[in-house]
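# Inside the fold
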Amino acid sequence: MKAALARAVLMAGVLTAASLGAVSANAAPAPDGPKTRIVGGELAKTADAPWAIALNNSGSPSPSGQYCGSTLVAANKIVTAAHCATEAASTYTAIQGRDKLTDTGGKTSKITSIWADPEYGKSPGHDVAVMTLATPFEGVPTLALETSTAADTAGAASVVYGWGATEGTGPADTFQKVAAPVLGDAYCSDVYASQNYSAAGEICAGYKEGGKDSCQGDSGGPLVLNGRLFGVVSWGIGCADAGNPGVYAEVATYAAALQAQIDS
Ligand code: ARG
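A brief structural summary. Nothing here was measured: the structure is a model prediction, and the numbers come from that model.

## Looking at the site of the ligand
The immediate surroundings of the ligand are formed by 17 residues, with His-83, Asp-213, Ser-214, Gly-217 and Ser-219 found nearest. Within the side chain of Asp-213, one N or O atom sits 2.7 Å away from a nitrogen atom of the ligand. Out of a free accessible area of 350 Å², the ligand has 100% covered by protein chains. When residues of the shell around the ligand are assigned to their parent elements, the largest contribution, 3 residues, is made by strand β13 (residues 228-235). When its residues are assigned to classes, the shell around the ligand shows 6 nonpolar, 9 polar and 2 charged.

Laid out in structure tokens, this is it:
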């Protein structure tokens, strides 16, 4: 399989496994059965991570509409993954301050426009997008972009957040977080050589032994380091499986392009 196609298949879980708890079609079957949200994490509160924004879509098979994650980077701008940004703007709803997506409450906004990195799908990496909110989330704390690629250093203690699949390790459609230490580009360049891992544009984070990871439906959401948006949940093979850690878009690599969109 060509690398670009393989990567597209890895990401195809967004509308299916994301909300149904199914094992993604691409993944090797997990030895211990289906696993699907942040896997191996803990309950989190959007009150403590107010910049974490759920990105629902009307085409999601989930009754809650759960689709992807995103991060508030300005009152009217969210950063998400390019592979989460392929639908019409009118089909998305951004939700702030809602821990359980089957509840109501919090702030919501429709999306008026979408910029996705035009290189996404043409070359490895580039899984970043910026969406503009119809109703800005005024007064909500934002995250700054990480601008230094030196932050992508093995051992850095980053944390990932999302409402995605838990593979039975937590409640569905519920905000969770898990520590995802940086493993370093050398490790993912090795284990994901045939998936075209991009050392320049991606972050390899999680655990070589598996057990804790982001998962389907977490895509687009924040990987946070030092109070900045360090990475964007992008892809993996399965979730939390040994030797297949999470891959995140490296925000610093794309910070200038993202900031230009945020400022526009
Ligand atoms: N592509 C998935 C999504 O669309 C995210 C997969 C993350 N996988 C992982 N093992 N960390 O939601």
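Next comes the rest of the description.
## Details of the packing of aromatic side chains
Under the definition given, this model contains 5 aromatic pairs. With a centroid separation of 6.0 Å and 70 degrees between ring planes, the pair formed by Tyr-67 and Tyr-92 is classed as edge-to-face. With Tyr-67 in the loop between β2 (52-57) and β3 (68-74) and Tyr-92 in strand β5 (residues 92-96), the pair connects residues that are 25 residues apart, well separated along the chain. Comparing Tyr-67 with Tyr-92, the two get one shared label, buried. Pairing Tyr-192 with Trp-235 gives two aromatic rings, centres 4.7 Å apart and planes at 50 degrees, and the pair type is tilted. Note that Tyr-192 is positioned in the loop between α3 (185-191) and β11 (202-205) and Trp-235 in strand β13, a separation of 43 residues in sequence. Residues Tyr-192 and Trp-235 agree in their burial class; the two are buried. Cluster of aromatic residues (ring-pair linked, three or more members): Trp-51, Tyr-161, Trp-163 and Phe-175.

## Comments concerning the nonpolar core
Core analysis: the largest hydrophobic core is formed by 45 residues, its most contacted members being Trp-51, Leu-72, Ile-78, Val-79, Ile-111, Leu-145 and Leu-258. Those elements that place two or more of their residues in this core are β2, β3, β4 (77-80), β5, β6 (107-116), β7 (129-133), β13 and α4 (251-263). With 5 residues, α4 is the largest single contributor of residues to this core. Not counting the four nearest positions on each side in its chain, Ile-111 is found in contact with Ile-78, Ala-89, Ser-90, Tyr-92, Ala-94, Met-131, Thr-132 and Leu-133. By size, the runner-up hydrophobic cluster in this structure holds 14 residues, among which are Ala-156, Val-160, Ala-205 and Phe-230.

## Describing the sheet that holds β6
Taken in spatial order, the 6 strands line up as β2-β3-β4-β7-β6-β5 and close into a barrel, and their pairing is antiparallel. Pairwise comparison of adjacent strand axes, ignoring direction, gives a mean angle of 40 degrees for this sheet. When β6 meets β7, the two strands line up antiparallel, connected through 5 bridges. What sits directly across from Ile-111, in β7, is Leu-133.

## What to know about the state of the cysteines
Under the definition given, this model contains 3 disulfides. Sulfur-sulfur distance for the disulfide between Cys-68 and Cys-84 comes to 2.0 Å. Note on the Cys-68 and Cys-84 pair: the S-S dihedral is about -75 degrees, so by sign convention the disulfide is left-handed. Taken together, the residues span a long stretch of sequence, with Cys-68 in strand β3 and Cys-84 in the loop between β4 and β5 at a distance of 16 residues. Each of the two residues, Cys-68 as well as Cys-84, counts as buried.

## A short note on α4
Each full turn of the α-helix corresponds to 3.6 residues, which orients residues three or four apart in the same direction. If you look at α4, its biggest bend is around 40 degrees, right at Ala-257. Every buried residue of α4 is accounted for by Val-251, Ala-252, Tyr-254, Ala-255, Leu-258 and Ile-262.

## Remarks on the pattern of salt bridges
Taken as a whole and judged by the stated rule, the model has 2 salt bridges. Between Asp-99 and Lys-45 there is a salt bridge, with the nearest N and O atoms lying 3.8 Å from each other. One end of the pair, Asp-99, is in the loop between β5 and β6; the other, Lys-45, is in the loop between β1 (42-43) and β2, with 54 residues separating them in the sequence. Between Arg-228 and Glu-146 there is a salt bridge, with its nearest N and O atoms 2.9 Å apart. Here the residue Arg-228 occupies a position in strand β13, and Glu-146 occupies one in the loop between β8 (144-145) and β9 (157-162), the gap between them amounting to 82 residues. Judged by relative accessible area, Arg-228 falls into the partly exposed class, the value being 31%. The class of Glu-146 is buried, set by a relative accessible area of 4%.

Rules and cut-offs
- Residues numbered from 1 in each chain as written.
- Predicted model: local features only at pLDDT ≥ 70, side-chain atom pairs only at ≥ 80, totals over all residues.
- Heavy atoms only, no water.
- Near = heavy atom within 4 Å.
- Polar contact = N/O pair within 3.5 Å; in protein donor to acceptor, adjacent residues only side chain to side chain.
- Areas by Shrake-Rupley, 256 points an atom, 1.4 Å probe, with all protein chains shown as cover.
- Helix = DSSP H or I, 4+ residues; strand = E, 2+ residues; numbered from the N terminus.
- Nonpolar A, V, L, I, M, F, W, Y, C, P; charged D, E, K, R; others polar.
- Phe/Tyr/Trp six-rings, centres within 6.5 Å; stacked < 30°, edge-to-face > 60°.
- Buried < 20%, exposed > 50% of the residue type's maximum accessible area, 1.4 Å probe, protein only.
- Core = buried A, V, L, I, M, F, W, Y, C linked by side-chain atoms within 4.5 Å.
- Contact = heavy atoms within 4.5 Å.
- Pairing = 2+ DSSP bridges.
- Axes fitted to C-alpha atoms, helices over the stretch in contact; angles between N-to-C directions.
- Disulfide = S-S within 2.5 Å.
- Bend = angle between axes of the 7 residues up to and from the residue.
- Salt bridge = Lys/Arg side-chain N within 4 Å of Asp/Glu carboxyl O.

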